[in-house]
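Coordinates in review
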Amino acid sequence: MRTRCSFLGLWIGATSLVGCSDCSDEVAVANDFLEEPAHLTCQTDSDCAVVFTGCGSPRRSFCGQAALNGEAAGSAKWRKISESLADCENDCSQCDGLLVVSCSKGQCGGPP
């Protein structure tokens, strides 16, 4: 029985490490949030903000950054998503690009 429990513990530990390096679940949640039209609406450039997206590279990101409106960028939900992306992050190379967002056609960063 002791061997079985040790094996189970090793298996659980190994699968949790695999999940940490993948980040696909966290990126999927970030994609949904970053593509929600209500999180992108704006009237002027000053309505938009740049948020950190990390190594996961969600679809609407550029060099670990993405555009959201100020309300969405400051929301508790985005904060939780951002923390999840950072928690699952491994070492990755990031480009040195700086995302400059603008309000284009009523959407921060342009329509999805």
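Residues numbered from 1 in each chain as written. Predicted model: local features only at pLDDT ≥ 70, side-chain atom pairs only at ≥ 80, totals over all residues. Heavy atoms only, no water.

Overview of the state of the cysteines
To be explicit about the condition: The term disulfide is used for any two cysteine sulfur atoms that are within 2.5 Å. The numbering of helices and of strands both runs from the N terminus, where a helix is a DSSP run of H or I of at least 4 residues and a strand a run of E of at least 2. Each residue is assigned to one of three classes by its accessible area relative to the maximum for its type, calculated with a 1.4 Å probe on protein chains only: buried under 20%, partly exposed between the two thresholds, exposed over 50%.
What the rule picks out here adds up to 2 disulfides. The disulfide partner of Cys42 is Cys103, and the S-S distance across this bridge is 2.1 Å. Handedness of the Cys42-Cys103 disulfide follows from its S-S torsion of about 100°: it is right-handed. Remark: Cys103 occurs in strand 4 (residues 103-104) and Cys42 occurs in the loop between helix 2 (24-34) and strand 1 (48-52); sequence separation between them is 61 residues. Judged by its relative accessible area of 11%, Cys42 falls in the buried class. In this model Cys48 forms its disulfide with Cys108; the gap between the sulfur atoms is 2.2 Å. On the sign convention where negative is left-handed, the bridge of Cys48 and Cys108, at about -90° about the S-S bond, is left-handed. Residue Cys48 is found in strand 1, and its partner Cys108 is found in strand 5 (residues 107-108); the two are separated by 60 residues along the sequence.

Observations regarding helix 2
Stated precisely, the cut-off is as follows: Arc definition: it is the arc formed by the directions from the helix axis to the C-beta atoms.
By the burial criterion, the buried members of helix 2 are Val27, Ala30, Asn31, Phe33 and Leu34. What you see down the axis of helix 2 is that its buried residues fit within an arc of 165°, all on one side. The exposed residues of helix 2 that point more than 90 degrees off its buried face are Asp25 and Asp32.

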